[in-house]
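Listed below are the residues making up each chain.
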Amino acid sequence: MTKSTNIVWHESEVTKEDRRNLNGHKSAILWFTGLSGSGKSAISVKLETALHKKGIHTYRLDGDNVRHGLNKNLGFSSEDRTENIRRIGEVSKLMVDAGLFTLTAFISPYHKDRDQVRELVETDEFIEIYVKASLEACEKRDPKGLYKKARLGEIKNFTGIDAPYEAPREPEITLDTTKLSIEESVEVILTYLKDKKYI
Ligand SMILES: Nc1ncnc2c1ncn2[C@@H]1O[C@H](COP(=O)(O)OS(=O)(=O)O)[C@@H](OP(=O)(O)O)[C@H]1O
Ligand SMILES: Nc1ncnc2c1ncn2[C@@H]1O[C@H](COP(=O)(O)OP(=O)(O)O)[C@@H](O)[C@H]1O
């Protein structure tokens, strides 16, 4: 018997389409992935501000509101990272159902975990954004001093050092943050959303 046996779905009267119509725009997950220090948080924060100013309903998920709350029982083993991403995917799906552009900023290092989130929603509801920067560049930025600690062996399983990062094969958007400024990256995403008639 699975744990969900005997649980019956109760349909709402208000649908995702109703909520989208009320908002006047679509909803989707903007899934940022990349190494620590690649720029996921910096870009997603500025993108959210830009969308908000346009009257678009958003919510941003990142370590602050997830790893300190919902997922505070998870660490950085491959199993815990997979569970971290699975929960974030499920929460993001609910937010898309609620009519929001949901911006997620997690390393999400494994193809299979990101693909599982993609499978959870409609094809056009998952936009994978690869925030690309070399390990060298991220380590040079080292905004939280974590690479230094990882090199000293004070943090184990650090992505890029002694834990893997699997770069997306076919992301909807790639941002090379060694070439684009934060503002330019935001513009690339806004252009994509306009071209594809999301906004
Ligand atoms: N071992 C290890 N590896 C990678 N990162 C580590 C680790 N330990 C702590 N941190 C800090 O946690 C942030 C990554 O958390 P995520 O939830 O995005 O990771 S994951 O998607 O589950 O792989 C990451 O934040 P970002 O810099 O925002 O990516 C780090 O600040
Ligand atoms: N072109 C750029 N794009 C994004 N971030 C940049 C860029 N140049 C420098 N940075 C800086 O690099 C750091 C990236 O950190 P952060 O956004 O926390 O990355 P992540 O969320 O991927 O760990 C920030 O301090 C940001 O200001």
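If you're wondering where the values come from, they're calculated on a predicted model, not measured in any experiment.

Colleague: Please explain helix α2 (residues 40-53) as it appears in this structure.
Modeller: One turn of an α-helix holds 3.6 residues; hence residues three or four places apart share an orientation. Given a rise of 1.5 Å per residue, 14 residues ought to cover 20 Å, and the 20 Å separating the end C-alpha atoms of α2 matches this to within 8%. Of the positions making up α2, those classed as buried are Lys-40, Ile-43, Ser-44, Leu-47, Glu-48, Ala-50 and Leu-51. Projected onto a plane normal to the axis of α2, the buried residues spread over an arc of 165° and lie on a single side. Away from its buried face by more than 90 degrees, α2 exposes His-52 and Lys-53. Contact partners of the buried residues in α2: β1 (28-33), β2 (58-62), β3 (101-105), β4 (126-132), β5 (173-176) and α8 (182-195). Following α2 by one or two positions, Gly-55 adopts a phi angle in the positive range, close to 80°.

Colleague: Teacher, can you tell me more about the site of ligand 2 here?
Modeller: By nearness alone, 14 residues border ligand 2, and Gly-37, Lys-40, Ser-41, Ala-42 and Leu-180 come closest of all. Contact between ligand 2 and Lys-40: an oxygen atom at 2.8 Å from a side-chain N or O atom of the residue. The backbone of Thr-177 places a nitrogen or oxygen atom 3.1 Å from a nitrogen atom of ligand 2. Protein contacts shield 74% of the accessible area of ligand 2, which totals 560 Å² for the unbound molecule. Looking at the shell around ligand 2, its residues break down into five nonpolar, seven polar and two charged.

Colleague: Would you mind showing me how to read the UniProt feature "domain: APS kinase" (unreviewed entry) in the protein chain here?
Modeller: In the UniProt entry, the feature "domain: APS kinase" (unreviewed entry) is given for residues 27-176. The span residues 27-176 is 43% helical and 18% strand by assignment, and the distance between its end C-alpha atoms comes to 25 Å.

Colleague: Would you mind showing me how to read the UniProt feature "binding site: ATP" (unreviewed entry) in the protein chain here?
Modeller: According to UniProt, the "binding site: ATP" (unreviewed entry) feature falls on Gly-34, Leu-35, Ser-36, Gly-37, Ser-38, Gly-39, Lys-40 and Ser-41. Examined against the element boundaries, Ser-36 turns out to sit in the loop between β1 and α2. We classify Ser-36 as buried; its relative accessible area is 14%. Leaving out residues up to four positions away in the same chain, Gly-37 has contacts with Cys-138, Arg-141 and Pro-143.

Colleague: What exactly am I supposed to notice about the site of ligand 1 here?
Modeller: Among the 19 residues in the neighbourhood of ligand 1, the closest are listed as Ser-36, Arg-67, Asn-84, Ser-108 and Asn-157. One of the side-chain N or O atoms of Asn-84 is found 2.8 Å from an oxygen atom in ligand 1. Contacts to ligand 1 include Ile-107, whose backbone N or O atom sits 2.9 Å from an oxygen atom. Across the complex, the protein chains shield 88% of the 620 Å² of accessible surface that ligand 1 would expose by itself. Top contributing element to the shell around ligand 1 by residue count: helix α4 (residues 78-97), with three residues. Of the residues assigned to the shell around ligand 1, the class counts are eight nonpolar, six polar and five charged.

Reading the values: the criteria
- Residues numbered from 1 in each chain as written.
- Chains lettered and ligands numbered in written order.
- Predicted model: local features only at pLDDT ≥ 70, side-chain atom pairs only at ≥ 80, totals over all residues.
- Heavy atoms only, no water.
- Helix = DSSP H or I, 4+ residues; strand = E, 2+ residues; numbered from the N terminus.
- Expected span 1.5 Å × (residues − 1).
- Buried < 20%, exposed > 50% of the residue type's maximum accessible area, 1.4 Å probe, protein only.
- Arc of directions from axis to C-beta.
- Contact = heavy atoms within 4.5 Å.
- Near = heavy atom within 4 Å.
- Polar contact = N/O pair within 3.5 Å; in protein donor to acceptor, adjacent residues only side chain to side chain.
- Areas by Shrake-Rupley, 256 points an atom, 1.4 Å probe, with all protein chains shown as cover.
- Nonpolar A, V, L, I, M, F, W, Y, C, P; charged D, E, K, R; others polar.
- UniProt positions renumbered as here; feature names shortened; annotations may be inferred.

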